[in-house]
Amino acid sequence: MRHDEFVGHRKRRMAHAPVSARADSATAPPESAGDDSHMSAKAGGRQGIAMLLLCIASLIAVEALLFARGRVLAGQIADAVLLFLILQVKPGPGRRSPATWSLSHALSLGWNPSEATRDAMRSLALVPLIRVVSVGLPLRDVSYPAGTLAVGLIIGSAAMVLAPVVGVAPRTFLTARAPRVQLQAVLGGLLLGFVAYLLGAPALWPTGASHERALLGLVAVVAAAAAEEIVFRGVVQWTLQRALGRAGVLAAAALFASTYLGAGSASLVLTVALAGLVFARTVVRTGGLSGAVGGHVVFAVGAGAIWPALLGRSHPAWLSGPVPIIALAVATAGMTAIIMRRHDGHEQSPSAGEAPVAPRLAQLPSIGSGLSVRRAVVGGLPARAVFRRTTARRSSVAQLSVQIIISNHNYGEYITEAIDSARNQVHPNVSIVVVDDGSTDDSRERLRRYRGTVDVVLKENGGQASAINAGLARGRADIVMLLDADDVLKPHAATRLAAAFASDPGIAKVQFRMDVIDARGRATGVTKPQPHIPMPQGDLRSAELAFPFDISWSGGGGNAFRTAALERILPIPEDDYPRRGADWYLVHLTTLLGPVVSLPDICASYRVHGRNGYEPRAPQLDLDHVRETIRYARVTGQALARLADELGLEYPRPILSLSELSNRLVSLKLEPELHPVQSDRAWRLAADAVRAAHRRFDVAWPMKAMFITWFAAAAAAPPPVARELAEIFMFPERRTRLNALLSRLHRGPGQPPRGGAD
Amino acid sequence: MSDLLPPLVQHAVASKTVFSASQAFGVVTLVLLVVLLLEREVLRIARAQPARLKALSIAAVPLLVAVALTIWARLAIILR
């Protein structure tokens, strides 16, 4: 199909297809073979949520037992049992042995939690741990502040270590964005601290205490406040919010309040609950803990030290009546309603291991209409255009339609598994298009049995770009997922992606990790990108235009795109990507059209079977692969420059990336006669590398110096040495000791140079 | 005022000697620690997922600190 035909065809379909009729026959619930896993995934999800709620209720009940009856030992035993049970959460997908399977399977009663539910359960372990440790410590002859400080340091440290395990990045705790919201939390803490003082909160230190005692008390309060916020807002709230949505925020606040049941009167507990909700709201809005910790410190110090010092310790008698309880209950209900209110566009979505999307981006929808030329500071670089606000509306997750395009060329042995995985999606609004790109094996025969259930397109061999273009021309959904015929989707993939897109109509692309399976579908224990590599998200235009091929992107199958964004850049130019590499075009160009979200979840399996089109078979230099990468990078870089010009974006010219330059240098040094860029000279490439390294705002200067040193050495070295240098540079497996150091030198979006979008 | 060490808990701990407290609260901590460490070893031998082992370790370390401090306190009293 020619490009003009393609565009015309798409426009006709767009003009005639009503929004409600986007789903085709393939959106019907999976039948027959797909039913079991489909139902089991749904049931597992429901069971997971039920177990999570049961766990939260049990923790609150134990706190009530502990404080209502004063049975400290019974409470500690109950907490110990709960802690043990929580730690038996069933392992996630990946390698597991029969022994671990049976143990956790028996204890978990066969429930099959999602990744988010698993993380939430694990984070809840911190709550009973607080009580088991605080009761278990020998604090008889230790002052209250010293005891609190000890417990705070132990629990705070445990929470900081646990955070990355449950998918929360500790560095986001220090986020100080949205200062006005953070200040509101501090003022709220001050006000509620005054209320707590009026209601008889205990003093931090006795009258006439020494300066040393007062100082220790202050240090203990600050440490305790930080530890409590890290536990309840930083870890528990984030993970519960991921698993339960807005209700998770309330659940975390309820847990927090329950641990204060022994604080004194009902009104005092309500004050603490209200303070917890205020801090929770701040964390939801800012994505960081700074305001919550500040508010908590002001709350505790104000209630226990400042207000008593200023106003004395006598309290009005009427405050012991029902009036304050009613007023606080109303205020708590109001705060609950505010938190449960519909998404207002300023909230941070909890993303495991990733920096949250910057707040300004969360409220900057728009894709299809492009970018304005309004100047702003975005992504750390000055003078960038921001995404233009449009009238695009938020959609519920279920409303968003997802189109899965499966492109196939001679992957007959895997194609049915790919199609079945697409049909088994839990998401209710999924359509499937399978494009067979001139297969000569038994693919078409296998596809026959799907006629009538999925949209099958049979075409002559034209390459990956032509297959994707043909698939995109067949339908119109809100979201498009690309799936290679040898890969497999997880049942929850479309739902997770739809949820991410639903959170902000401006998001252009959502990427996720994939676990690597072998030809027989067995997990290899490897994920792509690797788990220790943070995947960038947010407004990445600055990085994309400064060093596009040095950013760690998930491969084509690890992405979903908003159709409105794709419409601006489609069709994929088939002449530029004659065989493969079409995903380079989509992955890179969509980054200029809206914010990017990186999901922590593994949503698909990537199969390595020895016949992969673009997968190195071993960590050894393959110069054909290097030259192919150079060609993809060059045409993609040109397409990026064209789009940036169309959008009125400023960018450094020419677009350079260290990974692309390294590929060109290696190709030139080792096989100059086949090098695809005739004008290249080794020293000129080294000089360009200095410029490219200078643009890498995501790495520290020692790493830039290492890059420049490598280029200088590779440019000067004889070919055998250059080959060795190339393998060390391109394959992290060949420099395991150096990787730990390199990872510490990263500070923002972008990763150590690799092969671009693969 | 902190939920890390509520007055009720502090009072319960302070009302006992180190010896009697460690025979009550300390035993619970110790038993849980031993169970978690045993489970961790079993899972390690069975090559369980690293994330699972890490979660167990993270829970075990604070308990280990509590048990170590309790033993140290008892020893300090005996040696004194």
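Conventions adopted
Residues numbered from 1 in each chain as written. Chains lettered and ligands numbered in written order. Predicted model: local features only at pLDDT ≥ 70, side-chain atom pairs only at ≥ 80, totals over all residues. Heavy atoms only, no water. Helix = DSSP H or I, 4+ residues; strand = E, 2+ residues; numbered from the N terminus. Buried < 20%, exposed > 50% of the residue type's maximum accessible area, 1.4 Å probe, protein only. Contact = heavy atoms within 4.5 Å. Areas by Shrake-Rupley, 256 points an atom, 1.4 Å probe, with all protein chains shown as cover. Lys, Arg positive; Asp, Glu negative; His and termini not counted. Salt bridge = Lys/Arg side-chain N within 4 Å of Asp/Glu carboxyl O. Polar contact = N/O pair within 3.5 Å; in protein donor to acceptor, adjacent residues only side chain to side chain. Pairing = 2+ DSSP bridges. Axes fitted to C-alpha atoms, helices over the stretch in contact; angles between N-to-C directions. Left-handed = near helix turned anticlockwise from the far one by under 90°. Nonpolar A, V, L, I, M, F, W, Y, C, P; charged D, E, K, R; others polar. Patch = residues over 30% accessible without salt bridge, like charges linked within 9 Å, V, L, I, M, F, W, Y side chains within 5 Å. pLDDT = per-residue confidence, 0-100. Phe/Tyr/Trp six-rings, centres within 6.5 Å; stacked < 30°, edge-to-face > 60°. Lys NZ or Arg CZ within 6 Å of the ring centre and 35° of its normal. 1 Å grid on protein atoms, 1.4 Å probe; cavity = no way out; pocket = protein on both sides within 12 Å on 5 of 7 lines; lining within 4 Å. Points joined across faces, edges and corners; volume = space filled by probe spheres on them. Buried area = accessible area lost by both parts, 1.4 Å probe. Core = buried A, V, L, I, M, F, W, Y, C linked by side-chain atoms within 4.5 Å. Expected span 1.5 Å × (residues − 1). Arc of directions from axis to C-beta.

### Concerning the overall build of chain A
When helices and strands are counted, chain A shows 27 helices and eleven strands. Scored against the burial criterion, the 758 residues of chain A give a buried share of 58%. Looking at chain A alone, contacts between residues at least 24 apart form 79% of all its contacts between residues at least 6 apart. Summed over all atoms, the accessible surface of chain A reaches about 29400 Å², with 60% contributed by carbon and sulfur.

### Describing the overall build of chain B
Within chain B one finds three helices and zero strands. Listing the helices and strands of chain B from first to last along the sequence gives α-α-α. Once local pairs closer than 6 in sequence are excluded, the contacts in chain B between residues at least 24 apart make up 57%.

### Details of unusual backbone geometry
Backbone phi values are negative for most residues with the exception of glycine, while trans is the configuration of most peptide bonds. Residues and elements named next belong to chain A. Note the cis peptide between Leu570 and Pro571, where omega equals 0°. Within the secondary structure layout, Pro571 lies in the loop between α20 (563-569) and α21 (582-589). In this chain, Arg653 is followed by Pro654 through a cis amide linkage whose omega measures -10°. With respect to the element layout, Pro654 can be found in the loop between α22 (623-647) and α23 (658-670). Here the phi dihedral of Asn410 falls at roughly 65°; this positive angle occurs in a residue that is not glycine. Along the polypeptide, Asn410 turns up in the loop between β3 (402-408) and α15 (412-423). Residue class for Asn410 comes out buried when judged on its relative accessible area of 19%.

### Considerations on the side chain of Asp486 of chain A
Residue and element names in this part refer to chain A. Within the secondary structure layout, Asp486 lies in the loop between β6 (479-484) and β7 (488-489). In this structure, Asp486 is buried with no salt-bridge partner, the nearest side chain bearing the opposite charge being Arg607 at 6.0 Å. Within the local environment of Asp486, its side chain forms a polar contact with the side chain of His609, the two groups lying 2.7 Å apart. Residues in contact with Asp486, not counting those within four places in the same chain, are Tyr411, Tyr414, Arg607, His609 and Asn612.

### Brief notes about the pairing of strand β10 (residues 559-562) of chain A
All names here are of chain A. Where burial is concerned, the two faces of β10 agree: the one with Asn559 and Phe561 and the one with Ala560 and Arg562 are both buried. Of the strand pairs in this sheet, β6 and β10 are connected by three bridges, and their pairing is antiparallel. Residue pairing for β10: Met481 is matched across the bridge by Ala560. Where strand β8 (residues 509-517) and β10 come together, three bridges link them in antiparallel fashion. Note that in β10 the partner of Lys509 across the bridge is Phe561.

### Some details on the packing of helix α2 (residues 18-45) of chain B against helix α3 (residues 50-79) of chain B
All names here are of chain B. Between α2 and α3, the least distance of the axes is 9 Å, while the angle of their chain directions is 145°. You can see that α2 and α3 cross each other, and the crossing is left-handed. Class assignment for the residues of the contact of α2 with α3 results in 19 nonpolar, five polar and five charged.

### Considering the packing of helix α9 (residues 211-244) of chain A against helix α10 (residues 246-258) of chain A
Residues and elements named next belong to chain A. The N-to-C vectors of α9 and α10 enclose an angle of 145°; their axes lie 7 Å apart at closest approach. The way α9 lies across α10 gives a crossing that is right-handed. Here Glu228, Phe232, Arg233, Val236, Gln237, Leu240, Gln241 and Leu244 of α9 lie close against α10, whose contacting residues are Arg246, Ala247, Gly248, Val249, Ala251, Ala252, Leu255 and Phe256. When grouped by side-chain class, the residues that make up the contact of α9 with α10 number ten nonpolar, three polar and three charged.

### Some thoughts on a nonpolar patch on the surface
Residues and elements named next belong to chain A. The grouping of Leu73, Ile77, Val81 and Leu85 at the surface amounts to a nonpolar patch, some 310 Å² of accessible area in total. Among the secondary structure elements, Val81 is positioned in helix α3 (residues 72-86). Since its relative accessible area comes to 46%, Val81 is described here as partly exposed.

### Some words on the confidence of the model for chain A
Low pLDDT means the predicted coordinates in that region are not meant to be read closely. Residues and elements named next belong to chain A. In this model, chain A carries an average pLDDT of 77, and 78% of its residues clear a pLDDT of 70 or more. Across residues 388-392 the pLDDT falls below 50, and counting only partners more than four positions away or on other chains, this stretch makes 13 contacts in the model. The model gives residues 749-758 a pLDDT under 50, and that stretch makes 50 contacts with residues more than four places away or in other chains.

### Considerations on the packing of aromatic side chains
Residue and element names in this part refer to chain A. Applying the stated criterion across every chain, the model contains eleven aromatic pairs over all chains. Relative to Tyr260, the ring of Phe256 lies with its centre 5.2 Å away and its plane at 65°, an arrangement referred to as edge-to-face. Of the two residues, Phe256 and Tyr260, neither departs from the other in class, the shared state being buried. Here a set of aromatic residues connected by ring pairs shows up, and it is made of Phe549, Tyr577, Trp584, Tyr585 and Tyr632. The ring of Phe256 has Arg233 lying over it, and the distance from NZ or CZ to the ring centre is 4.2 Å. Above the plane of the ring of Tyr606 lies Lys528, whose end atom (NZ or CZ) is 5.1 Å from the centre.

### A closer look at empty space enclosed by the protein
Enumeration according to the criterion identifies four cavities of 30 Å³ or more in this entry. Its boundaries defined by the atoms lining it, the second largest cavity holds a volume of some 80 Å³. The wall of the second largest cavity is formed by 13 residues, among which Leu137 and Pro138 of chain A together with Val18, Ala21 and Ser22 of chain B lie closest to the centre. Secondary structure elements with two or more residues in the lining of the second largest cavity: α6 (126-136) of chain A together with α2 of chain B. Broken down by element, the residue count for the lining of the second largest cavity peaks at five residues, all from α2 of chain B.

### Topic: the side chain of Thr148 of chain A
Mapped onto the elements, Thr148 of chain A comes out in helix α7 (residues 144-165). Those residues in contact with Thr148 of chain A that sit more than four places away from it in its chain are Ala220 and Ala224 of chain A together with Ser2, Leu4 and Leu5 of chain B.

### Quick look at the pattern of salt bridges
Taken as a whole and judged by the stated rule, the model has 23 salt bridges over all chains. Here Asp624 of chain A ties to Arg627 of chain A by a salt bridge, and the two come within 2.8 Å at their closest N and O atoms. You can see Asp624 of chain A and its partner Arg627 of chain A sitting in helix α22, three residues apart, about one turn around the helix. On the basis of relative accessibility, which here comes to 52%, the residue Asp624 of chain A falls in the exposed class. Notably, a salt bridge pairs Arg44 of chain B with Glu41 of chain B, separated by 2.9 Å at the nearest N-O pair. Here Arg44 of chain B and its partner Glu41 of chain B are both found in helix α2, three residues apart, which amounts to about one turn of the helix. Residue Glu41 of chain B is classed as partly exposed on the basis of its relative accessible area, which comes to 32%.

### Quick notes on the interface of chain B and chain A
Of the residues lining the interface, 43 residues belong to chain B; the matching set on chain A comes to 62 residues. Together chain B and chain A conceal approximately 4500 Å² of surface at their shared face, both sides included; 73% is due to carbon and sulfur atoms. Applying the counting rule to chain B against chain A returns four residue pairs in polar contact (both at pLDDT 80 or more). A per-class count over the side of chain B that touches chain A returns 30 nonpolar, seven polar and six charged.

### Comments concerning the nonpolar core
Leu52, Leu124 and Leu240 of chain A are the most contacted members of the largest nonpolar core, which totals 111 residues. Excluding residues within four positions of it along the chain, Leu124 of chain A makes contact with Leu52, Cys55, Ile56, Leu59, Ile86, Val236, Leu240 and Leu255 of chain A.

### A word on helix α25 (residues 701-716) of chain A
Residue and element names in this part refer to chain A. Along its 16 residues, α25 runs 23 Å from first to last C-alpha, staying within 8% of the 22 Å computed at 1.5 Å per residue. Burial in α25 covers these residues: Met703, Lys704, Phe707, Trp710, Phe711, Ala714 and Ala715. Taken down its axis, α25 places every buried residue within 125° of arc, on the same side. Structural note: α25 exposes Trp701, Thr709 and Ala716 on the side pointing more than 90 degrees away from its buried face.

### Let's talk about the pairing of β8 of chain A
On a regular strand, one side chain projects to one face of the sheet and the next to the other, so that they alternate. Residues and elements named next belong to chain A. For β8, the tally of buried residues reaches nine of nine residues, placing the bulk of the element in the interior. In the sheet, β8 pairs with strand β9 (residues 523-528) via three bridges, with the strands oriented antiparallel. Bridging from a neighbouring strand, Ile517 pairs with Ala523 of β9. Connecting the antiparallel pair β8 and β9 is a turn made up of five residues, with Gly521 showing a positive phi of about 85°.

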